[in-house]
Amino acid sequence: MFHREVYSLLHKILITEAPKPFRFLDIACGDAMGSATALNGTEISRYIGIDLSEPALALAEETLKPLPCPVTLVQADFAEALVDWAEPADVAWIGMSLHHLETPAKGKVVRHVRRLLDQGGLFLIWEPTLRDGEDRDGWLDRFEYGSRPLWAELDASEWNAMLMHMWESDYPEPASACHALGLEAGFRSAETVFVAPSELAQVYCYRP
Ligand SMILES: C[S@@+](CC[C@H](N)C(=O)[O-])C[C@H]1O[C@@H](n2cnc3c(N)ncnc32)[C@H](O)[C@@H]1O
């Protein structure tokens, strides 16, 4: 999935473009392995992670121990938690999780994040992305038939479990719609900062 490339890009952006110091909101943080790598050596002053999964948060707690700042982990559905969320952030990150929502619900999340960020802040998301003119079935087919060799460590049942999850839960947008989600939420700019070599996903950066 190009985690290494994505999280090394996030690290570079945090070093060169984030406010100093910065408060980091990790939406759908999972086990936070990628974020912990990206945050290593940065001027982070506060970390908050939100995820539904208790086992993932237990791993995140261990993974984030080396961070030199207070860490709070919240077990919640981020789409619900962000509605009343009041604590501001300087950088918000969603790694591979917004696509579980359909377009209007994605828009609501992006609007809530915009409300929490000050001028000078950053919102970054890493999202599966449709090619121009491609529909969801086309993207799912491209994943299923085009990228099996990249997942050589998975046996057939693991691969099928992942495909099943994607068929049930993944709703990718084209890049133009991802840009529009940010601009419609009031961000002043929306740009693609990374395209995965597989062309199955992109990283987007929005600035208030
Ligand atoms: C593909 S993992 C990504 C984890 C991490 N952000 C990364 O980049 O490695 C997706 C994570 O999103 C979480 N998740 C999915 N939908 C969620 C929701 N509505 N609210 C909170 N967490 C959610 C899952 O529990 C899982 O940990």
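Described below are features of the structure shown in this document.

Glancing now at the packing of aromatic side chains. Overall, the coordinates contain 11 aromatic pairs when judged by the stated rule. Ring centres 5.4 Å apart and planes at 70° place the aromatic pair Y7 and W93 in the edge-to-face group. Placement of the pair is Y7 in helix α1 (residues 3-16) and W93 in strand β4 (residues 89-95), with a sequence separation of 86 residues. Centroid distance F24 to Y47: 6.0 Å. Interplanar angle 25°. Geometry classified as stacked. Taken as a pair, F24 in strand β1 (residues 22-27) and Y47 in strand β2 (residues 44-51) lie far apart in primary sequence, 23 residues in all. Neither F24 nor Y47 differs from the other in exposure class; each is buried. Chaining the aromatic ring pairs together yields one cluster made of W139, F143, W151 and W159. For the cation-ring pair, R114 lies above F187, with the distance from its terminal atom to the ring centre recorded as 5.7 Å.

Turning to the pairing of strand β5 (residues 117-130), a few remarks are in order. Of all 14 residues in β5, 11 are buried; the element is thus mostly enclosed. Direction of pairing for β4 relative to β5: parallel, over a ladder of 6 bridges. Bridge assignment links G95 to a residue of β5, and that residue is W126. A crossover links β4 with its parallel partner β5, the connecting element being helix α5 (residues 103-116), and its sense is right-handed. Pairing of β5 with strand β6 (residues 173-174) involves 2 bridges; the strand directions are parallel. Paired with L130 across the two strands is P174, which belongs to β6.

A few words on the pattern of salt bridges. Under the criterion given, the structure shown has 9 salt bridges. The salt bridge partner of R23 is D118, with a shortest N-O separation of 3.9 Å. Placement of R23 in strand β1 and of D118 in strand β5 is noted, with a sequence separation of 95 residues between them. Here K65 and E62 are joined by a salt bridge, their closest N and O atoms 2.9 Å apart. Of the two residues, K65 and E62, neither departs from the other in class, the shared state being exposed.

Inspection of the sheet shows β2 paired to strand β3 (residues 71-75) by 5 bridges, in the parallel sense. Along β3, the bridge assignment pairs D51 with Q75. In the classification by handedness, the crossover that spans β2, the intervening helix α3 (residues 54-63) and the parallel β3 is right-handed.

Reading the values: the criteria
Residues numbered from 1 in each chain as written. Predicted model: local features only at pLDDT ≥ 70, side-chain atom pairs only at ≥ 80, totals over all residues. Heavy atoms only, no water. Phe/Tyr/Trp six-rings, centres within 6.5 Å; stacked < 30°, edge-to-face > 60°. Helix = DSSP H or I, 4+ residues; strand = E, 2+ residues; numbered from the N terminus. Buried < 20%, exposed > 50% of the residue type's maximum accessible area, 1.4 Å probe, protein only. Lys NZ or Arg CZ within 6 Å of the ring centre and 35° of its normal. Pairing = 2+ DSSP bridges. Right-handed = clockwise from strand over helix to strand, strands pointing away. Salt bridge = Lys/Arg side-chain N within 4 Å of Asp/Glu carboxyl O.

Any link to function would need more than the numbers given here.
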